[in-house]
Amino acid sequence: MMSGSSRRMHVRTARLLTALTAVLTVTTACGSGQAGPAPGTGAQGGRTDITAAMYPLQWLAERIGGPDAAVTALTKPGVEPHDLELSPIQIAGIERTGLVVYVKGVQPAVDEAVEQHAADRGFDAAALVKTLPPSADGEEGEAESHDVSYDPHVWLDPTRMATIATKLGDRLAEADPAHAKDYRDRAAATVADLTTLDGEMSRGLSTCSSRAIVTSHAAFGYLADRYRLRQIGITGIDPEAEPSPARLAEVAKVAKQEKVTTIFSETLVSPKVAEVLSREIGARTAVLDPVESQPANGDYLSAMRQNLSALKTALGCS
C-alpha cells in the first residue's frame, strides 16, 4: 500500500507525463510533417523568434523586430502579469525561443523558466537601466515577497524604455546580422517616439499645484522619479497585498495634509480600496494605468498619454 507521500508523488508524475504528452502532441501537430527548429535556435520561417513576458516588452519587441521577428506574448490581455502561471506549452516555447524579453522580479514563473530553460537567451530589461529601490510604502516586510531588491516597474519611465529599446535593437542585430540595420533603424525610431513622449510629460507636469499622487500600489515610482512627483502607495510594489487599517489611516492623514483631490485606482486591480479611501477624505477617484497589459484601445504610447492627462487633471497642472 502506498504511503501518503508516495501517492502524491505518483499523482504529480502522472500529471507531468500528461502535460508532456500534450506538449509533444501540439508540437507534432504544428510541424506539418517537418522537424521544428532545434532547442534554442529560435527561428520561425526565417524570422527571429522572440518571447515577450508582458505587454510593454511585447510592444517593444514588435516595434523593433518588425517583419523580421515573430513575437509570442506570454501574458494575455486583461491578465494581471504578476499572477502569470506558465503552461507546459509555454515552457516548451521558452526552451526553443531565440530570445526571452522580460523584467526580472515581476513574474516569478517567467524568472524560473528563463533560469532553467533559457539562461543564455534571457534579455532582462531591468539589468540594462538604473533601478530604484522598492517603495517604503506598504506593510513591513512586503518587499521581501519579491525576489529582487529593486522596484521592477522600469517601463513607466519613457527614458528608461528608450535605453531598453536601443539595447534590444543591438541584441537582435547581433543575433540576426542579415537584418542588423533594420533592427537598429526601428529601435532608433522607437527611441524617437519615446523621447517625444518624455518631452510631453515633462512639459505637462512641470507646473502643478500639487505633486503628490496616491496610488493603489506603488507601481509608479519610476514615473514619479522622472517627473518630480511624490508617490504615496496605499500598498507597496505587490498589487495583491491588502493594506491594514493602520496603513489606510496613515495614507488618509498624509493625503489630507497634501490636499490630495484624487485617489488613483488601476486597471486590472479592484478599485474598492481606492474608493473607500476617497470617501474617507472627500476626494474623487481616477484610473492610472501601470501599462502592464495591452490597453483595450491604443498602445503603450497612448496609455502613457492618457496617464499624463489624468495626472494633469488630478494635480492641477497648467
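Before any of the text, the structure's been laid out above.
If you're wondering where the values come from, they're calculated on a predicted model, not measured in any experiment. (Residues numbered from 1 in each chain as written. Predicted model: local features only at pLDDT ≥ 70, side-chain atom pairs only at ≥ 80, totals over all residues. Heavy atoms only, no water.)

Section: the overall build of the protein
Then comes step 1: Along the backbone of the protein there are ten helices and nine strands.
Then comes step 2: In the protein, which comprises 318 residues, the share counted as buried stands at 47%.
Then comes step 3: Expressed as a percentage of contacts within the protein between residues at least 6 apart in sequence, the contacts between residues at least 24 apart total 64%.
Then comes step 4: By element, 53% of the accessible surface of the protein is carried by carbon and sulfur atoms, the whole surface being about 15,300 Å². (Helix = DSSP H or I, 4+ residues; strand = E, 2+ residues; numbered from the N terminus. Buried < 20%, exposed > 50% of the residue type's maximum accessible area, 1.4 Å probe, protein only. Contact = heavy atoms within 4.5 Å. Areas by Shrake-Rupley, 256 points an atom, 1.4 Å probe, with all protein chains shown as cover.)

Considerations on the pairing of strand S8 (residues 262-265)
Then comes step 1: The alternating pattern of S8 places Thr 262 and Phe 264 on one face and Ile 263 and Ser 265 on the opposite face, and all of these are buried.
Then comes step 2: Strand direction decides the pairing type here: strand S6 (residues 212-217) and S8, joined by two bridges, are parallel. Across the sheet, Thr 215 pairs through a bridge with Phe 264, a residue of S8.
Then comes step 3: Here S8 runs beside strand S9 (residues 284-287); their pairing, made up of four bridges, is parallel. Paired with Phe 264 across the bridge in S9 is Ala 286.
Then comes step 4: Taking the sense of rotation as the criterion, the β-α-β connection linking S8, helix H9 (residues 272-281) and S9 turns out right-handed. (Pairing = 2+ DSSP bridges. Right-handed = clockwise from strand over helix to strand, strands pointing away.)

Some thoughts on the environment of Gln 306
Then comes step 1: The topology assignment puts Gln 306 in helix H10 (residues 300-315).
Then comes step 2: For the pair formed by Gln 306 and Leu 288, sequence separation is 18 residues and the distance between their alpha carbons is 8.2 Å.

Concerning the sheet that holds S9
Then comes step 1: Strand order in the open sheet made by the four strands is S7-S6-S8-S9, with parallel pairing throughout. Looking at strand neighbours, the two that pair on one side only are strand S7 (230-235) and S9, the edges of this open sheet. Going from strand to strand, the sheet's axes swing by 30° on average, the running direction of each strand aside.
Then comes step 2: Across the face of the sheet, helix H8 (residues 245-257) comes into contact with S6 and S7 while running at roughly 155° to S7. (Axes fitted to C-alpha atoms, helices over the stretch in contact; angles between N-to-C directions.)

Considerations on the nonpolar core
Then comes step 1: Trp 155, Leu 229, Tyr 300 and Leu 311 are the most contacted members of the largest nonpolar core, which has 58 residues in total.
Then comes step 2: Secondary-structure elements contributing two or more residues to this core are helix H2 (55-65), strand S4 (99-102), helix H5 (158-175), helix H6 (180-204), helix H7 (221-226) and H10.
Then comes step 3: When residues no more than four places from it in sequence are discounted, the contact partners of Leu 311 are Leu 205, Ile 213, Leu 223, Leu 229, Phe 264, Leu 288 and Cys 317.
Then comes step 4: In this structure, Ala 212, Val 214, Ile 234 and Val 251 belong to the second largest nonpolar core, which totals 14 residues. (Core = buried A, V, L, I, M, F, W, Y, C linked by side-chain atoms within 4.5 Å.)

Describing the state of the cysteines
Then comes step 1: All chains considered together, the criterion is met by one disulfide.
Then comes step 2: The disulfide partner of Cys 208 is Cys 317, and the S-S distance across this bridge is 2.0 Å. Classification of the bridge connecting Cys 208 and Cys 317 rests on its S-S torsion, roughly 95°, and on that basis the disulfide is right-handed. You can see Cys 208 sitting in the loop between H6 and S6 and its partner Cys 317 sitting in the segment after H10, a full 109 residues away along the chain. Taken as a pair, Cys 208 and Cys 317 share a single burial class, namely buried. (Disulfide = S-S within 2.5 Å.)

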